[in-house]
Amino acid sequence: MSPVQTPADLRPITALRFGAAIWVAVYAFWENLAGAPSSALVQKGYLGVELFFVLSGFILSHVYLQAAGEKRFSYRSFLWARVARVYPLHLATLVGVGLLAGAALIAGMSVDGNVLSWASLPANLLMVHAWGLAPVAGWNHPSWSISAEWFAYLCFPLFAWVFWRLRQRPVLAFLGAAVFLAALYYGFERLAGFPLTEATIRWGALRIVPCFALGCALYLVYRRAPLKAPWTAAAVSFGLMVMSAALGLWDGVTVLLAGALILSLASLPNERAGWLASKPAVYLGEISYSVYMVCVPWKLLAVNLAAKVTDAPDKQLQLFVWLAILALLPVVAAVSYHLVEHPARKALRGMALRHKSASSDKTPDAGTPKRVSQS
């Protein structure tokens, strides 16, 4: 699907995706842990989404920026590849949440009234529910970030146009992106009364913009010269990022430190990345999208059942039950990855390749169809 040969994979940042997904998952499940202590680190778990957004800008620049800059970029193929990547699982989890919520209601369990919001369904189906076009946060709520990603995909040529022209000035690009992020975070909170990093369906499309731009800028830094001591840089940036979140510092600081972590891990050659480039770590990174997307359906099912079986008041689960549910989340995600995400993506990409092949076969030459070699 790529208009050019995909560059070498960056395994360490693939593995990082799983860490971001688990951070979000712990944040989502924390309210169901009986006697859960107050933890700023957990309460900042929504910033795992920001980490995903920065990663998205970095990785898409890694794959497509040069082709876009050299006018070898197929926007249609790019969008189809993105649809193949995100839409099948988005649709499957949307339907899954609907079925689970309906079954829960029939069984007499309590379900948030907004979950089955029929007024929000069209925007969810079109992946525009984070553009302020959905009345409530219904269905599979985490999918708002997929809607935000879709917005960034549609705008990718604009990002590419800007950052390709800054490719010889990576430090300027990074400083510009950092200043833009800080200014937007500050200005939005002053105007809206809440941080942009907590926006979902109302301003989710805007929320991704500074993070995606930061990822593009960090890629230019990486492209010019990977860091000299990536392990040290990764350890320092990770420690500072965790400390920033645990101390409840301004979200912009944590996001910038997350960007430093991404740059550090990307600078690690696969052969020197150790366990981060191992098959288990990379596999967990590959299923991270499923981990994120099945988090709410699994929570809806598992927490309600566990609360009913253990007679837990207000769905407050004991530690061992809570840990078991959380530990099973990657297992459920692996099932959804192999049953839905991976085969659907492969099928959709195969459709595009067959269409391209058929179009090539029909290319006219002196009035007769011409067979084009697919080698």
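Above this text sits the structure in question.
Residues numbered from 1 in each chain as written. Predicted model: local features only at pLDDT ≥ 70, side-chain atom pairs only at ≥ 80, totals over all residues. Heavy atoms only, no water.

1. Remarks on the overall build of the protein
Regarding its fold elements, the protein presents 14 helices and 2 strands. Radius of gyration (C-alpha) of the protein: 22 Å, near the 21 Å computed for a compact globule of 375 residues. Taking the principal axes of its C-alpha atoms as reference, the protein extends roughly 75 × 50 × 45 Å. Counting all 375 residues of the protein, 50% fall into the buried class. Here the contacts in the protein between residues at least 6 apart in sequence split such that 75% fall between residues at least 24 apart. When the accessible surface of the protein is totalled, it reaches about 17,800 Å², and 67% of it is carbon and sulfur. Here the protein carries 30 positive and 16 negative side-chain charges, and the mean point of each set is 11 Å from the other. (Helix = DSSP H or I, 4+ residues; strand = E, 2+ residues; numbered from the N terminus. Rg over C-alpha atoms; globule rule 2.2 N^0.38 Å. Buried < 20%, exposed > 50% of the residue type's maximum accessible area, 1.4 Å probe, protein only. Contact = heavy atoms within 4.5 Å. Areas by Shrake-Rupley, 256 points an atom, 1.4 Å probe, with all protein chains shown as cover. Lys, Arg positive; Asp, Glu negative; His and termini not counted. Charge placed at Lys NZ, Arg CZ, Asp CG, Glu CD.)

2. A closer look at unusual backbone geometry
If you check the backbone angles, Lys71 has positive phi at about 60° while not being a glycine. With respect to the secondary-structure elements, Lys71 resides in the loop between α3 (47–69) and α4 (75–106). Backbone geometry at Asp311 places phi at a positive 55°, although glycine is not the residue there. When you line up the elements, Asp311 lands in the loop between α13 (288–310) and α14 (319–361). On the accessibility criterion, Asp311 (66% relative accessible area) is exposed.

3. Brief notes about the packing of α3 against helix α11 (residues 251–266)
At their nearest, the axes of α3 and α11 sit 10 Å apart, and the two run at 45° to each other. By the angle class used here, α3 and α11 are oblique. Crossing hand, α3 versus α11: right-handed. On the side of α3, the interface is formed by Leu47, Glu50, Leu51, Val54, Leu55 and Phe58, while α11 contributes Asp251, Thr254, Val255, Ala258, Gly259, Ile262 and Ala266. (Axes fitted to C-alpha atoms, helices over the stretch in contact; angles between N-to-C directions. Parallel < 35°, antiparallel > 145°, perpendicular 65-115°, else oblique. Left-handed = near helix turned anticlockwise from the far one by under 90°.)

4. With respect to helix α8 (residues 170–192)
Between its first and last C-alpha, α8 extends 32 Å over 23 residues, near the 33 Å set by a 1.5 Å rise per residue. Residues of α8 that are buried make contact with α3, α7 (156–164), α9 (204–224) and α11. Trailing α8 by a residue or two, Gly193 shows a phi angle of about 90°, which is positive. (Expected span 1.5 Å × (residues − 1).)

5. Thoughts on the packing of aromatic side chains
In the structure shown here, the tally under the stated rule is 23 aromatic pairs. When the centroid spacing of 5.9 Å and the interplanar angle of 70° are considered together, the rings of Tyr27 and Tyr46 count as edge-to-face. Highlighted residues: Tyr27 in helix α1 (residues 11–29) and Tyr46 in the loop between α2 (40–43) and α3, separated in sequence by 19 residues. What makes Tyr27 partly exposed here is its relative accessible area of 35%. Judged by relative accessible area, which is 12%, Tyr46 ranks as buried. Ring centres of Phe53 and Trp144 lie 6.0 Å apart, and the angle between their planes is 85°; on these two criteria the pair is classed as edge-to-face. With a gap of 91 residues between them, Phe53 in helix α3 and Trp144 in helix α6 (residues 144–154) connect regions that are remote in the sequence. Members of the aromatic cluster, connected to one another through ring pairs, are Tyr64, Phe73, Tyr75, Phe78, Tyr153, Phe156, Phe159 and Phe212. In this structure, Arg82 is placed above the aromatic ring of Tyr153, and the distance from its NZ or CZ to the ring centre is 5.6 Å. (Phe/Tyr/Trp six-rings, centres within 6.5 Å; stacked < 30°, edge-to-face > 60°. Lys NZ or Arg CZ within 6 Å of the ring centre and 35° of its normal.)

6. Digging into α9
Spanning 21 residues, α9 covers 31 Å between terminal C-alpha atoms, matching the ideal 30 Å at 1.5 Å per step. Across the 21 residues that make up α9, a large majority, 18, are buried.

7. Regarding the pattern of salt bridges
For the structure shown, the criterion picks out 6 salt bridges. For the salt bridge of Glu341 with Arg85, the shortest nitrogen-to-oxygen distance reads 2.7 Å. Taken together, the positions of Glu341 in helix α14 and Arg85 in helix α4 put the pair 256 residues apart, joining distant regions of the chain. Across the pair, Arg85 and Glu341 agree in class, each one buried. Ionic pairing is found between Arg345 and Glu341, a salt bridge with its closest N-O pair at 2.8 Å. (Salt bridge = Lys/Arg side-chain N within 4 Å of Asp/Glu carboxyl O.)

8. A word on the side chain of Asn124
Following the sequence through the fold, Asn124 ends up in helix α5 (residues 121–125). Apart from the residues lying within four places of it in its own chain, the contact partners of Asn124 are His90, Leu94, His129, Gly138, Trp139 and Ser143.

9. A word on a nonpolar patch on the surface
A cluster of nonpolar side chains, contributed by Tyr186, Val236, Leu240, Met243, Leu247, Leu249, Trp250 and Val253, occupies part of the molecular surface with about 760 Å² of accessible area. Broken down by element, the nonpolar patch gets its largest block of residues, 3 residues, from helix α10 (residues 230–246). With relative accessibility at 39%, the residue Trp250 sits in the partly exposed group. (Patch = residues over 30% accessible without salt bridge, like charges linked within 9 Å, V, L, I, M, F, W, Y side chains within 5 Å.)

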